[in-house]
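# Analysis of the macromolecular model
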Amino acid sequence: MIGDWGPQDRSGLTPVPGGATAADGFRAGGVASGVKASGRPDLALVVADVPAGAAAVTTTNLVKAPACHLTDRHVANGRAQAIVINAGNANVCTPEGEAHAQRLADATAEQLGLLSQDVLVMSTGVIGVPLPVQRIEAALPALAAGLTRDGGDAAAHAMLTTDTRTKQVAYRVSDEQGSCVVGGMAKGVGMIEPAMATLLVVVTTDAPLSGPVGRQLLRAAVSRTFNRISVDGDGSTSDTVALLASGAAARPPGLDTLARGVAAVCADLAHAVVSDGEGATRVAAVTVRQAATEADAETLARAVATSLLVRAALHGADPNWGRILMAMGNARVDFDPRRVSVRCGGITVCRFGVAATFDRGQAAVAMQQPEVSIEVDLGSGDAAATVLTCDLTPEYVRFNAEYTT
């Protein structure tokens, strides 16, 4: 991973195929329900063989999707068995949004023989357009009947909107106590500046986890991964990260090792989201070190990562360190500019708050790489944080200028 992104200790983690169905005890699938005008797959389902330990984190946006409200209610008891996901329509700001979200849960539960409260719902797509829920209800019987142990890829395709590729990862997580698998899938390329998660993510594991422990692991992983990425500075109305734990692993690893596995899956999926950002050509890891507190470091790194001027410079491979200090100076965090040093692509461009002597051509070449590190040393403490972002391109502007037209 680029720079300091994600857990640095990945001992005992071995990549395995399968994404959200890599772990034992899960089936999944995806079909086209007709919500997308293109006719592409738009309805995904992930199901645990037995009631699973469950946790979820949803958007803090005040304009919150009915699916998020329903998922918050259903996961409150720490248990769930299925996650149904529709793409192409966010089911937000519509007259019957709450009723339609409930209908998705009810119809899914009926097909699977479950209680409605054991079904979590995710929806993504255009805001303000009524959800054609009847099409989804009509497609659910075939989807439920076609679930398979290797259906993670089909589900990952069916949850996409403007993504150019699926985002899937899985690890076998092992230590002296035992092993398990942690896997997951995500969608998202735009409207990404989460204060909790980003768009839609499903994480699965065959380790046994109660709801409270799962919630603790998920929130810890999300806080340093999905909470620290930005594509455009806009947090979605529908952001949801959900975790299901089937408990099928006979000898799971210790909790600390499992936590590393969950964090690694979240970090890899978050990186995949940023690298597929709408119009993006490169990813930047903005790391602020030597801060007084981790909160200060995160705030400053986020200010740099969300600056339109910094991201435009990133697209042009321009080592314009003045924009970096400008962005930090607007973050309402106290620091001494005279102690700040900045490196772009590993090359020191600013030292003690003034320009350093460096070869601009060499720095430009370093910033033309697909992945670029921007490192800031404050000289004020020992805390650090990294936020991922991507360059701001003409393609991003063109795409979003015409998104609904």
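Please read these numbers as outputs of a predicted model, since none were measured by experiment. (Residues numbered from 1 in each chain as written. Predicted model: local features only at pLDDT ≥ 70, side-chain atom pairs only at ≥ 80, totals over all residues. Heavy atoms only, no water.)

Those residues carrying the UniProt feature "binding site: substrate" (unreviewed entry) are Thr-161, Lys-187, Thr-198, Glu-278, Asn-400 and Thr-405 in this numbering. With respect to the element layout, Lys-187 can be found in strand β7 (residues 178–187). On the basis of relative accessibility, which here comes to 2%, the residue Lys-187 falls in the buried class. At 3.2 Å, the side chain of Lys-187 and the side chain of Thr-124 are in polar contact. Looking at the element boundaries, Glu-278 is found in the loop between α6 (255–275) and β10 (283–291). Accessibility expressed as a relative area gives 11% for Glu-278, which makes it buried. (UniProt positions renumbered as here; feature names shortened; annotations may be inferred. Helix = DSSP H or I, 4+ residues; strand = E, 2+ residues; numbered from the N terminus. Buried < 20%, exposed > 50% of the residue type's maximum accessible area, 1.4 Å probe, protein only. Polar contact = N/O pair within 3.5 Å; in protein donor to acceptor, adjacent residues only side chain to side chain.)

Moving on, we come to helix α7 (residues 294–305). Between its first and last C-alpha, α7 extends 16 Å over 12 residues, near the 16 Å set by a 1.5 Å rise per residue. Here α7 has its buried residues at Ala-297, Glu-298, Leu-300, Ala-301, Arg-302, Ala-303, Val-304 and Ala-305. Against the buried residues of α7 lie β10, α8 (308–315), α9 (321–329) and β15 (383–390). (Expected span 1.5 Å × (residues − 1). Contact = heavy atoms within 4.5 Å.)

Before going further, it helps to spend a moment on the pattern of salt bridges. Note on pairing: side chains with opposite charge can pair once their charged atoms come close. On inspection of all chains with the given rule, the structure shows 18 salt bridges. Two residues, Asp-163 and Lys-167, come together in a salt bridge whose shortest N-O distance is 2.8 Å. Take Asp-163: its relative accessible area is 10%, and that puts it in the buried class. Note that Arg-228 and Glu-298 form a salt bridge whose closest N and O atoms lie 3.3 Å from each other. Placement of the pair is Arg-228 in the loop between α5 (211–223) and β9 (240–245) and Glu-298 in helix α7, with a sequence separation of 70 residues. Arg-228 sits in the buried class, given a relative accessible area of 6%. (Salt bridge = Lys/Arg side-chain N within 4 Å of Asp/Glu carboxyl O.)

One can find Thr-389 in strand β15. Only 2.8 Å separates the side chain of Thr-389 from the backbone oxygen of Ala-305, close enough to count as a polar contact. The contacts of Thr-389, once residues within four sequence positions are left out, are Ser-230, Val-274, Arg-282, Val-283, Ala-284, Val-286, Ala-305 and Arg-311.

Now for the pairing of strand β6 (residues 167–175). Residues in a regular strand point their side chains to alternate faces of the sheet. In this structure, strand β1 (residues 13–15) lies alongside β6, joined through three bridges in antiparallel fashion. Bridge pairing links Thr-14 to Arg-172 in β6. Sheet analysis places β6 next to β7, joined by nine bridges and oriented antiparallel. Along β7, the bridge assignment pairs Val-169 with Gly-184. (Pairing = 2+ DSSP bridges.)

The full count for this structure, using the stated rule, is zero disulfides. Not part of a disulfide, Cys-350 finds its nearest cysteine sulfur in Cys-344, a span of 9.4 Å. The thiol of Cys-390 is unpaired, and the distance to the nearest cysteine sulfur, on Cys-344, comes to 16 Å. (Disulfide = S-S within 2.5 Å.)

The domains assigned to the protein chain are domain 1 (13–275) and domain 2 (283–401). The distance between the C-alpha centroids of domain 1 and domain 2 comes to 32 Å. Of the residues lining the interface, 13 residues belong to domain 1; the matching set on domain 2 comes to 15 residues. Here domain 1 meets domain 2 over a buried area of about 1,300 Å², counting both sides, of which 50% is carbon and sulfur. A per-residue breakdown of the area domain 1 buries against domain 2 is headed by Arg-228, His-271 and Val-274, which together make up 45% of the total. Viewed at the interface, domain 2 and domain 1 are joined by six residue pairs in polar contact (both at pLDDT 80 or more). (Domains from an automatic or database assignment. Buried area = accessible area lost by both parts, 1.4 Å probe.)

At their nearest, the axes of α8 and α9 sit 9 Å apart, and the two run at 160 degrees to each other. As summarised for this structure, α8 and α9 are arranged roughly antiparallel, according to the angle between their axes. α9 is crossed by α8, and the crossing has left-handed handedness. Contacts between α8 and α9 involve Leu-309, Val-310, Ala-312 and Ala-313 from the former and Arg-323, Ile-324 and Met-326 from the latter. Considering only residue class, the contact of α8 with α9 consists of six nonpolar, no polar and one charged. (Axes fitted to C-alpha atoms, helices over the stretch in contact; angles between N-to-C directions. Parallel < 35°, antiparallel > 145°, perpendicular 65-115°, else oblique. Left-handed = near helix turned anticlockwise from the far one by under 90°. Nonpolar A, V, L, I, M, F, W, Y, C, P; charged D, E, K, R; others polar.)

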